[in-house]
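Results of the structural survey
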Amino acid sequence: MTVGVIGGGQLGRMLALAGYPLGLDFLFLDPSREAPAGRVAPVVHGAFTDPQPLKWLSRECEVLTFDWENISVEALRKHASGARRARICPPVPALATAQDRVAEKRLFERLGIPTTRWRAISSRSQLERAVREVGLPAVIKTRRMGYDGKGQMRISTAEEAQQAWQSLGSVPLLYEEWIPFDCEVSIIGARSTHGQTVFYPLNGNVHADGILRLTRAPFGPGRWHRTAVEYLTRCLEHFRYVGVLTIEFFVRQGRLIANEMAPRVHNSGHWTIEGCATSQFENHLRAILGLPLGSTRPNGHSAMINLIGEMPAREQLLEFEGLHLHDYSKEPRPGRKLGHCTLVEDSASRRDRLARRVLAQVAPAVRVS
Ligand code: ATP
Ligand code: MG
């Protein structure tokens, strides 16, 4: 059985690596000759908007999924209305919602999930109104195509708001209150074609410059997890979702405030490869193929550290006892996710001690609180 994956990045590659033991085959679509998935599976090269390779993928595969959010919903919709077609999971409406920050905010509000105060802005006068009504400090984000903090500017004054307008104002924007959060968390769950659901322990996430650096799990008190599961369930049911879905939250004074959702496997769930009975990648595949979902029981206390911009020497990392290294085979570039490493320990304090030692070598600016 062949799974077609639109996008051949590290997420797709980890999907394939999780699927081979289940006897699955994979076929990727990616424009790049250097796509990380190309090291482990065949890749059809073509633009995500090109109907031809999509048709081809659809003919060759039982089911289509994606590892990248900024693919063309238009092309997918066209494909979905064609004659011979594979199923697309997760559902295209969930992808369309996640692609537009305004649609995402509206969904959270409609489902009673607390989120940040926000305004859609597409003119200077709307910007000025947002500054008055939502207040400062704030963050201005492009509605579409954002990832790893790209297309975002934090502003503290009305002048900075004008400057942000100068550099971002050519496309539709979201104006959002700045949350002085105590921490950030994310919840990852899966829903299968049969409506079975599973949820992973809560992730505690540390970002720097808009990019995830460190995840620790299980994280936070049980009531945070219960609240996050409740909110995620509402989204899963709303879309009659199939596959893995993630919601990121800010936590302020014990309250979870939804930041955004991701209709795919998520960077904050990479620790589940070694840290859980069944990884998020395997459960995504099980979910979309209608197989029973696997246990999300944690194997201990895990930390995942992203390797960003340059790859440390392998010898240096593997020196740490118990460290699991994942090198995505990508060309180094500032701010680029090149790999990650995972630690699984039998107590949170041992895990944090080891994480501090690894971080001191690979990302000294990141603090474990
Ligand atoms: P990704 O898709 O990689 O998660 P993104 O580009 O969609 O990132 P966001 O999740 O919106 O970006 O923001 C990245 C990070 O920037 C957040 O995790 C948080 O640390 C910070 N941030 C974003 N918006 C706010 C806000 N309103 N208040 C406080 N911090 C924020
Ligand atoms: Mg985010």
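Residues numbered from 1 in each chain as written. Chains lettered and ligands numbered in written order. Predicted model: local features only at pLDDT ≥ 70, side-chain atom pairs only at ≥ 80, totals over all residues. Heavy atoms only, no water.

1. Things to note about the overall build of the protein
Helix and strand content of the protein: 12 helices and 18 strands. Across the 369 residues in the protein, those meeting the buried criterion constitute 56%. Averaging the locations of the 47 positively and 37 negatively charged side chains of the protein gives two centres separated by 4 Å. (Helix = DSSP H or I, 4+ residues; strand = E, 2+ residues; numbered from the N terminus. Buried < 20%, exposed > 50% of the residue type's maximum accessible area, 1.4 Å probe, protein only. Lys, Arg positive; Asp, Glu negative; His and termini not counted. Charge placed at Lys NZ, Arg CZ, Asp CG, Glu CD.)

2. What to know about the coordination of the magnesium ion (ligand 2)
For the magnesium ion (ligand 2), the full set of protein donor atoms is Glu 248 (OE) and Glu 260 (OE), and the range of their distances to it is 2.0 to 2.2 Å. Placement of the pair is Glu 248 in strand β14 (residues 243-252) and Glu 260 in strand β15 (residues 255-262), with a sequence separation of 12 residues. We classify Glu 248 as buried; its relative accessible area is 12%. (Donors = N, O, S within 2.8 Å, 3.2 Å for Na, K, Ca; no water.)

3. A few points about the sheet that holds strand β8 (residues 152-155)
Strand order across the open sheet formed by four strands is β6-β9-β7-β8, with antiparallel pairing between neighbours. Each edge of the open sheet is held by one strand with a lone partner, namely β6 (118-121) and β8. Going from strand to strand, the sheet's axes swing by 20° on average, the running direction of each strand aside. Both β6 and strand β9 (residues 173-177) contribute to a ladder of four bridges, which runs antiparallel. Residue pairing in the sheet places Ala 120 in a bridge with Leu 174 of β9. Its contacts with the sheet put helix α5 (residues 101-110) on β6, β7 (138-142), β8 and β9, and the angle it makes with β6 is roughly 150°. (Pairing = 2+ DSSP bridges. Axes fitted to C-alpha atoms, helices over the stretch in contact; angles between N-to-C directions. Contact = heavy atoms within 4.5 Å.)

4. Examining the domain arrangement of the protein
We note that the domain assignment places domain 1 (2-88), domain 2 (117-177) and domain 3 (183-362) within the protein. Computed over C-alpha atoms, the centres of domain 2 and domain 3 are 29 Å apart. (Domains from an automatic or database assignment.)

5. Topic: the packing of helix α4 (residues 92-99) against α5
It is the contact of α4 with α5, at a shortest axis distance of 5 Å, that shows an interaxial angle of 110°. The orientation of α4 relative to α5 falls into the category roughly perpendicular. Together, Thr 97, Ala 98 and Gln 99 of α4 and Arg 101, Ala 103, Glu 104 and Leu 107 of α5 make up the contact between the two elements. Residues belonging to the contact of α4 with α5 are distributed by class as follows: three nonpolar, two polar and two charged. (Parallel < 35°, antiparallel > 145°, perpendicular 65-115°, else oblique. Nonpolar A, V, L, I, M, F, W, Y, C, P; charged D, E, K, R; others polar.)

6. Details of the sheet that holds strand β5 (residues 87-88)
Taking strand neighbours across the sheet as the criterion, the five strands line up as β3-β2-β1-β4-β5 in an open arrangement whose pairing is parallel. Edge positions in the open sheet fall to β3 (43-45) and β5, since each of these has one partner strand only. Alignment of strand β4 (residues 63-66) against β5, held across two bridges, turns out to be parallel. The residue bridging Leu 64 from the neighbouring strand is Ile 88, located in β5. Sheet strands touched by helix α2 (residues 51-60): β1 (2-6), β2 (25-30), β3 and β4. Its angle to β2, the strand with the most contacts, is close to 175°.

7. Observations concerning the site of ligand 1
Near ligand 1 you find 20 residues, and of these Lys 141, Asp 148, Gly 149, Glu 184 and Glu 260 are the closest. Contact between ligand 1 and Gln 152: an oxygen atom at 2.8 Å from a side-chain N or O atom of the residue. Interatomic distance of 3.3 Å between a side-chain N/O atom of His 207 and an oxygen atom of ligand 1. Surface burial for ligand 1 is 92%, taken as the share of its 610 Å² of free accessible area covered by protein chains. At the level of elements, β7, β9, β14 and β15 are the ones that each hand at least two residues to the shell around ligand 1. The class makeup of the residues in the shell around ligand 1 is six nonpolar, six polar and eight charged. (Near = heavy atom within 4 Å. Polar contact = N/O pair within 3.5 Å; in protein donor to acceptor, adjacent residues only side chain to side chain. Areas by Shrake-Rupley, 256 points an atom, 1.4 Å probe, with all protein chains shown as cover.)

8. A short note on helix α10 (residues 280-288)
Of all nine residues that make up α10, nine are buried, and the element is covered over most of its length. Listed as buried for α10 are Gln 280, Phe 281, Glu 282, Asn 283, His 284, Leu 285, Arg 286, Ala 287 and Ile 288. Remark: Gly 290 follows α10 within two positions and exhibits a positive phi of approximately 70°.

9. Some points on α5
Three or more residues of α5 are buried, namely Arg 101, Val 102, Glu 104, Lys 105, Leu 107 and Phe 108. Its side-chain oxygen 3.0 Å from the backbone nitrogen of Val 102, Asp 100 forms the N-cap of α5. Looking at the residues trailing α5, positive phi occurs at Gly 112, about 70°.

10. Looking at the nonpolar core
Generally speaking, nonpolar side chains in soluble globular proteins are found buried as a group. In this structure, Val 3, Phe 26, Phe 28, Phe 281, Leu 285 and Ile 288 are the most contacted members of the largest nonpolar core, which totals 33 residues. Element by element, the count of residues in this core is highest for helix α1 (residues 10-19), at five residues. Both domains that meet at this core, namely domain 1 (2-88) and domain 3 (183-362), each give it at least three residues. Beyond its immediate sequence surroundings of up to four residues, Ile 288 is in contact with Val 3, Val 63, Thr 65, Arg 87, Cys 89, Thr 193, Val 242 and Gly 243. (Core = buried A, V, L, I, M, F, W, Y, C linked by side-chain atoms within 4.5 Å.)

11. As for the packing of aromatic side chains
Enumeration over the complete set of coordinates arrives at five aromatic pairs. Arranged with centres 5.5 Å apart and planes meeting at 5°, the rings of Phe 181 and Phe 250 form a pair that is stacked. Of this pair, Phe 181 sits in the loop between β9 and β10 (183-191) while Phe 250 sits in strand β14, and the two are 69 residues apart along the sequence. For Phe 181, a relative accessible area of 33% gives the class partly exposed. Centre to centre, the rings of Phe 219 and Trp 224 are 6.5 Å apart; their planes meet at 40°, and the pair counts as tilted. The pair formed by Phe 219 and Trp 224 is uniform in burial state, with each residue classed as buried. Linked through ring pairs, Tyr 20, Phe 26 and Phe 28 together constitute an aromatic cluster. Cation over ring: Arg 154 sits above Trp 178, and NZ or CZ is 4.3 Å from the ring centre. (Phe/Tyr/Trp six-rings, centres within 6.5 Å; stacked < 30°, edge-to-face > 60°. Lys NZ or Arg CZ within 6 Å of the ring centre and 35° of its normal.)

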